[in-house]
Structure formats: C-alpha cells, structure tokens
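# Structure assessment
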Amino acid sequence: MASSPQSYQKRQRELRKKERKAEKQAIRHGRSAAKKEEGDDGPDEDALLEEFRILNEKFAAGEVVEEDFEYRKAEIFHQMGLGEAPEPRESDSEETADVEA
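Before going into details, it helps to say that this report is about the structure given with it.

## A few points about the overall build of the protein chain
The secondary structure content of the protein chain amounts to four helices and zero strands. Each helix (α) and strand (β) of the protein chain, taken in turn from the N terminus, gives the series α-α-α-α. In the protein chain, which comprises 101 residues, the share counted as buried stands at 8%. Nonlocal contacts in the protein chain, meaning residues at least 24 apart in sequence, comprise 25% of its contacts between residues at least 6 apart. Carbon and sulfur atoms form 50% of the exposed surface of the protein chain, whose accessible area is close to 8800 Å².

## Describing the packing of aromatic side chains
Under the defined criterion, the tally for this structure stands at two aromatic pairs. Relative to Phe77, the ring of Phe52 lies with its centre 5.2 Å away and its plane at 50°, an arrangement referred to as tilted. Note that Phe52 is positioned in helix α2 (residues 45–60) and Phe77 in helix α3 (residues 66–79), a separation of 25 residues in sequence. Look at Phe52 and you get buried, because its relative accessible area is 17%. Judged by its relative accessible area of 29%, Phe77 falls in the partly exposed class. Relative to Phe69, the ring of Phe59 lies with its centre 4.2 Å away and its plane at 15°, an arrangement referred to as stacked. Placement of the pair is Phe59 in helix α2 and Phe69 in helix α3, with a sequence separation of 10 residues. The class for Phe69 is buried, based on a relative accessible area of 6%.

About the criteria used
Residues numbered from 1 in each chain as written. Predicted model: local features only at pLDDT ≥ 70, side-chain atom pairs only at ≥ 80, totals over all residues. Heavy atoms only, no water. Helix = DSSP H or I, 4+ residues; strand = E, 2+ residues; numbered from the N terminus. Buried < 20%, exposed > 50% of the residue type's maximum accessible area, 1.4 Å probe, protein only. Contact = heavy atoms within 4.5 Å. Areas by Shrake-Rupley, 256 points an atom, 1.4 Å probe, with all protein chains shown as cover. Phe/Tyr/Trp six-rings, centres within 6.5 Å; stacked < 30°, edge-to-face > 60°.

So far we have only geometry, and geometry alone does not tell us how the molecule works.
Written as structure tokens, this is what we have:
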C-alpha cells in the first residue's frame, strides 16, 4: 500500500523543521563557544571543581566547620553559574571594615 502524497509532504516539512532547528542550535553553540574563546575572564570550571573537591576533603577530615563549608560551596557554585550568590557574612563585613580603617 502506497502512502498518500499529503503524508509524504508532511514528513518532508517535519524533516526540514528539524534540520533548521539543528542548524540554529549549532549556530548558537558556535557563538557561545566563540565568545568563551575570545577572552572570557571567568574562572576555569576545572579549577573550581578541583577547589570544591579539596573543600569536601577538608570538611570530611574535620578541618573546615560546616558553616564555612556551606558558604564556600555556595560561592563556588555561584561562580560556576549553578546557584545564587551567598549572602555576605558578618565576619566578612568586619574584615572589610578593618582593612578600610
């Protein structure tokens, strides 16, 4: 049994839509990669992951208290673009005031 011309045309339209969508995504990804190569001064993701690994090891060994661990973890995740920036701590504002004085 042969398929109707309408179903063939519909499949062709859907195929062209998928191809255009794939082309657009490639262009978007190409542009975002080009921007990063041009001089994205952001932190290196591998370095941040290594820093997080070390932080976890220190926390597991008891060298870092939980409050400091959670704050630094939030900072790292924010730098990676995975979450909100942590609220400044009171101890941080006191250190800043000491430096300014």
